[in-house]
Amino acid sequence: MKIFTIGGSGLVGSRITDLLKEKKYEIDDLSLRNGVDITNPSSLDVIKNDTEHEVVLHLAAKADVEGCELDRTLGEKGAAFRINAGGTQNVAEACFVSKKKLLYISTDFVFDGKKELPYKYKENDTPNPVNWYAMTKYKGEEVVEKSGVDYAILRIAYPFRADEFPLKKDFVHAIMGRLTNNQPITAVTDHIMTPTFIDDIAFAIDVVINNNAQGIYHIVGSQSLTPYDAFMLMADHFGYNKSLISKTTREEFFKGKAPRPFNLSISNAKIEQLGVKMRSFEEGLTQI
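Since we're looking at a predicted model, the values are computed, not measured. Within each chain, residue numbers correspond to sequence positions counted from 1 in written order. Given that the model is predicted, a residue must reach a pLDDT of at least 70 before its local features are reported, and side-chain atom pairs must reach 80 or more before they are shown or counted; all residues, however, enter totals for whole chains, interfaces and linings. Based on all heavy atoms of the structure, the side-chain values leave hydrogens and waters out of the count.

A. Highlighting unusual backbone geometry. That bond from L117 to P118 is cis: its omega, 10 degrees, falls within 30 degrees of zero. Only DSSP runs of H or I with at least four residues qualify as helices, and only runs of E with at least two residues qualify as strands; both kinds are numbered from the N terminus onward. With respect to the secondary-structure elements, P118 resides in the loop between strand 4 (101-107) and helix 5 (132-146). One non-glycine residue, K24, lies in positive phi territory at about 80 degrees. Tracing the sequence through the fold places K24 in the loop between helix 1 (11-22) and strand 2 (26-30). At N182, a position not held by glycine, the phi torsion is positive, near 55 degrees. Examined against the element boundaries, N182 turns out to sit in the loop between helix 6 (171-180) and strand 7 (185-188). The exposed category is assigned to N182, whose relative accessible area is 53%. Only protein chains enter the accessibility calculation, which uses a 1.4 Å probe. A residue is then buried if its area is under 20% of the maximum for its type, exposed if over 50%, and partly exposed in between.

If you want it as structure tokens, here you go:
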């Protein structure tokens, strides 16, 4: 099967692309490097006029939370909205015209994080973004759902790789780098995240395609924990000095920064019904 990827050369997309190629997919990445700007509808004629590719995997986004928050005052004219919402609408329209299935990669940040522990967010819970990045990604979800295209919205959370990506470090490799160099780390104790091993995301995408799955799926890891607990597990696993890791609160750590959701404990039960086993954070660490 032939697939178009958009944003397939980044931290997440490049690993997914490599793994899908191993499963015999033919993948062509569309990006600014080859003249495709998703904020410009005419540059998506390559999708509209294509008859060979069956699926478009849309990973492109402005994902810098702080940078997106600076765009808030610009509204729809800012880069975050133009890429994450407007660009996604352009991609959806191109898929509709050419009758391609659209897989839209979204985020756990669409939730406000106010759900009481130990309850996890499910796909049918109502999003309520608390920062501009999340708002623009949720707008992207809405335009996909309303576009009339055959789609699956795939929400991911705190992705990390087995290997180190040269252009940008995921949070695991960033922390490993600091601990390796005996640099101190301050870790939040009252924020819940659900880290996701990227290899499992690629496997889930393959299953979604082969099952022609529709709707929204959480393709996230099977373990929700605080950053402090995650970093301590890393210290245990790799033999780092635990005394380098100190505790802080989210109120202190995120002071002056864009608002963050508190409880991002996310359920992956729906994707597991398709036979996808998403690894826990601890299981993912064994692959590094």
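There's plenty left to go through after this.
B. Here's a closer look at the environment of E252. Structurally, E252 is set in helix 9 (residues 250-253). On the basis of relative accessible area, E252 is assigned to the partly exposed category, the value being 47%. With 241 residues separating them along the chain, E252 and L11 place their C-alpha atoms 28 Å apart.

C. The arrangement of the pairing of strand 3 (residues 55-58) in detail. Burial of the side chains of strand 3 extends over both faces: V55 and L57 are buried on one face and V56 and H58 on the other. Two strands form a pair only when DSSP identifies at least two bridges running between them. As paired strands, strand 3 and strand 4 are joined by four bridges and run parallel to one another. Within strand 4, the residue paired with V56 across the bridge is L102.

D. Here's a closer look at the sheet that holds strand 2. The parallel open sheet is built from six strands, whose spatial order is 2-1-3-4-5-9. Looking along the sheet, the strands with just one partner apiece sit at the ends: strand 2 and strand 9 (215-218). The sheet shows a mean angle of 20 degrees between the axes of neighbouring strands, taken without regard to direction. Summarising the sheet, strand 4 and strand 5 (residues 151-156) pair through six bridges and their orientation is parallel. Throughout, an axis means a line fitted to C-alpha atoms (over the contacting stretch in the case of helices), and angles, computed between N-to-C directions, take values from 0 to 180 degrees.

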